[in-house]
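# Observations on the three-dimensional arrangement
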Amino acid sequence: SQQGEEDPQALSIQEGENATMNCSYKTSINNLQWYRQNSGRGLVHLILIRSNEREKHSGRLRVTLDTSKKSSSLLITASRAADTASYFCATDRHSGGGADGLTFGKGTHLIIQP
Amino acid sequence: DAGITQSPRHKVTETGTPVTLRCHQTENHRYMYWYRQDPGHGLRLIHYSYGVKDTDKGEVSDGYSVSRSKTEDFLLTLESATSSQTSVYFCAISAGFEAFFGQGTRLTVV
C-alpha cells in the first residue's frame with residue numbers, strides 16, 4: 001500500500017510563482033525524502049528531512065515536516081520552466097532508514113507555464 | 001549522474017517468455033533495488049539487495065526473481081512474462097538513505 005500520498009495530483013502555475021506540494025503518510029517515519037522526475041527519466045533526489053527536523057532548505061526548495069499530522073510540504077520558490085516535472089515524496093519502508101527500500105506516493109505533476 | 005546503467009532501455013517480448021533486465025553500477029554502493037512504475041501506482045519495490053548474494057522481496061515480488069553475483073550488477077528476471085508486467089522498471093542504488101536511479105527500462109509484454 002502507498003505510504004505517502006501527494007496533493008494535488010496536478011498543478012499548473014505561471015513561471016515565477018511559487019509551487020507548493022503536500023504529502024501525507026500513514027505510519028511513523030525516520031526520514032522523508034522528495035524526488036523529482038522529468039518526463040521519460042529516472043528520479044532525482046532533491047532533499048531529505050529527518051523526523052526530528054521541522055524545516056529544511058536547499059536552494060529554491062523548502063521542505064517542512066509535521067510529524068504530529070504525518071504530513072510534509074515541498075515549496076519551490078520563483079518557479080522556472082525547467083521545474084516542470086513530477087514530484088514524489090518517499091518514506092522508509094521500515095524503520096531501517098531506507099536501506100530496505102522506499103515507499104513512494106503517486107506524485108504531483110507540476111507544469112510551469114511560460 | 002550516479003553511475004547506474006540499465007539495459008536494455010526498451011524491450012518488447014511475448015507472453016510466457018523469460019526476460020532479464022540488467023542494472024550495473026560503478027559507485028560500489030551496498031544496496032540495490034528494482035522498482036516498477038505504473039500509472040496510478042507510483043513506484044513500487046519489487047526486490048532489493050543488501051550485498052552480494054543477499055536479496056529480499058519487496059511489495060510486488062510475485063513473478064520476479066533477482067540475482068546479485070557481483071557488487072556492481074543486479075539482475076531482474078521475469079520468469080514467464082505476463083501482460084500485467086508491462087511497465088517501466090527502474091533500478092536504484094543507495095548507501096543507506098537517498099537513492100540514485102537509473103534511466104529506466106520500458107518493457108512491453110504482448
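Please refer to the structure higher up on the page.
A brief report on the enclosed structure follows. Numbering of residues starts from 1 in every chain and runs along the sequence as written. The naming scheme follows written order: chains are lettered A onward, ligands numbered 1 onward. Per-residue local features are limited, in this predicted model, to residues with pLDDT of at least 70; the limit for side-chain atom pairs, both in listing and counting, is 80 or more; totals at the level of whole chains, interfaces and linings are taken over all residues. Hydrogens and water molecules were not included; the side-chain quantities draw on all heavy atoms of the structure.

The subject of this paragraph is the overall build of chain A. When you go through chain A residue by residue, the secondary structure sums to zero helices and eleven strands. Runs of H or I in DSSP of at least four residues are treated as helices and runs of E of at least two as strands, each being numbered from the N terminus. Helices (α) and strands (β) of chain A occur, in sequence order from the N terminus, as β-β-β-β-β-β-β-β-β-β-β. Restricting the calculation to C-alpha atoms gives the radius of gyration, and the globule rule supplies 2.2 Å times the number of residues raised to the power 0.38. A globule of 114 residues ought to have a C-alpha radius of gyration of about 13 Å, and chain A, at 13 Å, matches this closely. For the C-alpha atoms alone, the extent of chain A along its principal axes is close to 40 × 30 × 20 Å. Exposure categories follow from relative accessible area, calculated using a 1.4 Å probe and restricted to protein chains: below 20% of the type maximum is buried, above 50% is exposed, and the middle band is partly exposed. For chain A, with 114 residues in total, the buried portion stands at 47%. By definition, residues are in contact when any of their heavy atoms lie within 4.5 Å. Long-range pairs, those at least 24 residues apart, make up 55% of the contacts in chain A with a sequence separation of at least 6. Accessible area for chain A stands at about 5300 Å²; split by element, carbon and sulfur atoms hold 45% of it. For chain A, the distance from the average position of its 13 positive side-chain charges to the average position of its 11 negative side-chain charges is 3 Å. Each accessible area value is a Shrake-Rupley result obtained with a 1.4 Å probe; residue values ignore everything except the protein chains displayed when judging cover. For the charge count, each Lys or Arg is scored as positive and each Asp or Glu as negative, with His and the chain ends excluded. Positions of charges follow a simple convention, taking NZ of Lys, CZ of Arg, CG of Asp or CD of Glu.

A word on the state of the cysteines. Residues and elements named next belong to chain A. Any cysteine sulfur atom paired with another within 2.5 Å is treated as part of a disulfide. The final tally for this structure, using the stated rule, is two disulfides over all chains. A disulfide bridge connects C23 with C89, and the sulfur atoms are separated by 2.0 Å. Its torsion about the S-S bond being 65 degrees, the disulfide of C23 and C89 is classed as right-handed. One end of the pair, C23, is in strand β3 (residues 19–25); the other, C89, is in strand β9 (residues 85–92), and 66 residues separate them in sequence. Across this residue pair, the class does not change: C23 and C89 are buried.

A few words now on the interface of chain B and chain A. On the side of chain A, 24 residues touch chain B, which itself brings 24 residues to the contact. Summed over both partners, the accessible area lost on bringing two parts together, with a 1.4 Å probe, is the buried area. Surface buried jointly by chain B and chain A totals about 1800 Å² across both partners, of which 48% is contributed by carbon and sulfur atoms. Area buried by chain B at its contact with chain A is led by L43(B), F97(B) and F101(B), which between them contribute 28% of it. The term salt bridge refers to a pairing of a side-chain nitrogen on Lys or Arg with a carboxyl oxygen on Asp or Glu at a separation within 4 Å. Run the count over chain B and chain A and you get zero salt bridges. Among the elements of the structure, β4 (31–38), β5 (42–51) and β10 (99–101) of chain B are those that each provide at least two residues to the side of chain B that touches chain A.

Residue and element names in this part refer to chain B. Tracing the chain through its elements places S94 in strand β9 (residues 87–94). On the accessibility criterion, S94 (1% relative accessible area) is buried. Two N or O atoms form a polar contact when they lie within 3.5 Å of each other; inside protein one atom must be a possible hydrogen donor and the other a possible acceptor, and for residues adjacent in sequence the pair counts only when both atoms belong to side chains. Among the polar contacts made by the side chain of S94, one reaches the main-chain amide nitrogen of F97 at a distance of 3.3 Å. Discounting residues that sit within four places of it in the chain, S94 has contacts with H29, R30, Y31, Y33 and A99.

Residue and element names in this part refer to chain B. The four strands are arranged β1-β3-β8-β7 in an open sheet whose pairing can be described as antiparallel. On the outer flanks of this sheet lie β1 (4–7) and β7 (64–70), each paired with one strand and no other. Ignoring strand direction, the axes of neighbouring strands in this sheet form an average angle of 20 degrees. Pairing between two strands requires that DSSP report at least two bridges joining them. Direction of pairing for strand β3 (residues 19–25) relative to strand β8 (residues 73–78): antiparallel, over a ladder of six bridges. Looking at the pairing, H24 lines up with D73 of β8. Angles shown run from 0 to 180 degrees and are taken between the N-to-C directions of axes, each axis being a line fitted to C-alpha atoms and, for helices, limited to the stretch in contact.

On to the side chain of H45(A), then. Assignment of secondary structure puts H45(A) in strand β5 (residues 43–50). What makes H45(A) buried here is its relative accessible area of 18%. A polar contact of 3.3 Å, which involves the side chain of H45(A), links it to the side chain of Q33(A). Engagement of the side chain of H45(A) in a polar contact is seen with the side chain of E98(B), the distance being 3.5 Å. Those residues in contact with H45(A), other than ones at most four positions away along the chain, are Q33(A), W34(A), Y35(A), E98(B) and A99(B).

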